[in-house]
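Next come the chains, spelled out residue by residue.
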Amino acid sequence: ILVIVSGCFLLFINGFFAPFMEKALDENPEAKITAYLEAIKEGDETKALTIWELPNWTNEEISLLKKRRESITKDLIKNGVKDFAILKVEWWNTCCEPSVIDDSNRANGARIYVQLTDFNNTKPLYIFDVFVSKGHREPGVVDSVRHWVIRDIYLESQEPVFWTF
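Every value quoted in this text rests on a predicted model; they were computed, and no experiment measured them.

What follows covers the confidence of the model for the protein. When the pLDDT values of the protein are averaged, the result is 82; 78% of them are 70 or greater. Taken element by element, the predicted model of the protein shows its lowest mean pLDDT in helix 1 (residues 2–24) (51) and its highest in helix 3 (residues 45–51) (97). A low-confidence stretch, residues 7–15 (pLDDT under 50), is modelled with four contacts involving residues beyond four sequence positions or located in other chains.

Take a look at the structure:
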C-alpha cells in the first residue's frame, strides 16, 4: 500500500509541477518559436532547421514537409526578421477525436498564429504547428513534462502538411 500511495503522490506532484517545469526548461511552444526565429535573425540556417524537427514518417508528406522546411527557412533568412508577435494560439488535443481545447496544460498540439516583421517592414502572417514529440496525452491527464517540437510552418494562405485538421 505504501508503494501505491507513494506512486500516486509522485504522479500528482509531477503533474502539478509539469507546467512550471515546462516553462523553466523552455519546453513550450512559444519558446520553440522564439528559438527558431532567433536562429533566423542570426542567419543560422543549420540551427533553425534543427529546431524545426521532422517526424519519422516514410510517406509522401515527409518529402513535402522537408521541402517546405528548407524553403521557408531560406526565405525567412533572406527576407530577415526584425520582430514578431504571437497573435493567437489554438490548443489541440490529438487523442481519439482531435479538437481545439481551452486548457494548454492538457494539450499536445498548438497552432500558433505569428505575425513577423521583415526588413522591408512587411508583416506576413505565419502559422506554426507545434506538437508534443512523442505520442499524445489522454484527455484530462497531466502527468509529465512535454517535449514540444515545431512540426510545420506556413503562410496563412497555405495549407498545413503536418496537421491537416
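Turning our eyes to something else, we now look at the sheet that holds strand 3 (residues 109–117). Here five strands make up an open sheet; going across it, the order is 2-1-3-4-5 and the pairing antiparallel. The open sheet terminates on both sides in strands that have one partner only, identified here as strand 2 (99–101) and strand 5 (148–155). Within this sheet the neighbouring strands show an average axis-to-axis angle of 35°, counted without direction. Across seven bridges, the pairing between strand 4 (residues 125–132) and strand 5 is antiparallel. Opposite Tyr126, over in strand 5, you have Leu155 as the bridge partner. Across the sheet, helix 2 (residues 29–41) is in contact with strand 1 (83–93), strand 3, strand 4 and strand 5; its angle to strand 1 comes to roughly 145°.

Take the environment of Phe128 next. Here Phe128 is to be found in strand 4. Taking the relative accessible area as the measure of exposure, Phe128 reaches 0% and is therefore buried. Through-space distance from the C-alpha of Phe128 to that of Val89 is 9.5 Å; in sequence the pair is 39 residues apart. Apart from the residues within four sequence positions on either side, Phe128 is in contact with Ile33, Tyr36, Leu37, Ala110, Arg111, Ile112, Val114, Ile150, Asp152 and Ile153.

Conventions we followed
- Residues numbered from 1 in each chain as written.
- Predicted model: local features only at pLDDT ≥ 70, side-chain atom pairs only at ≥ 80, totals over all residues.
- Heavy atoms only, no water.
- pLDDT = per-residue confidence, 0-100.
- Helix = DSSP H or I, 4+ residues; strand = E, 2+ residues; numbered from the N terminus.
- Contact = heavy atoms within 4.5 Å.
- Pairing = 2+ DSSP bridges.
- Axes fitted to C-alpha atoms, helices over the stretch in contact; angles between N-to-C directions.
- Buried < 20%, exposed > 50% of the residue type's maximum accessible area, 1.4 Å probe, protein only.

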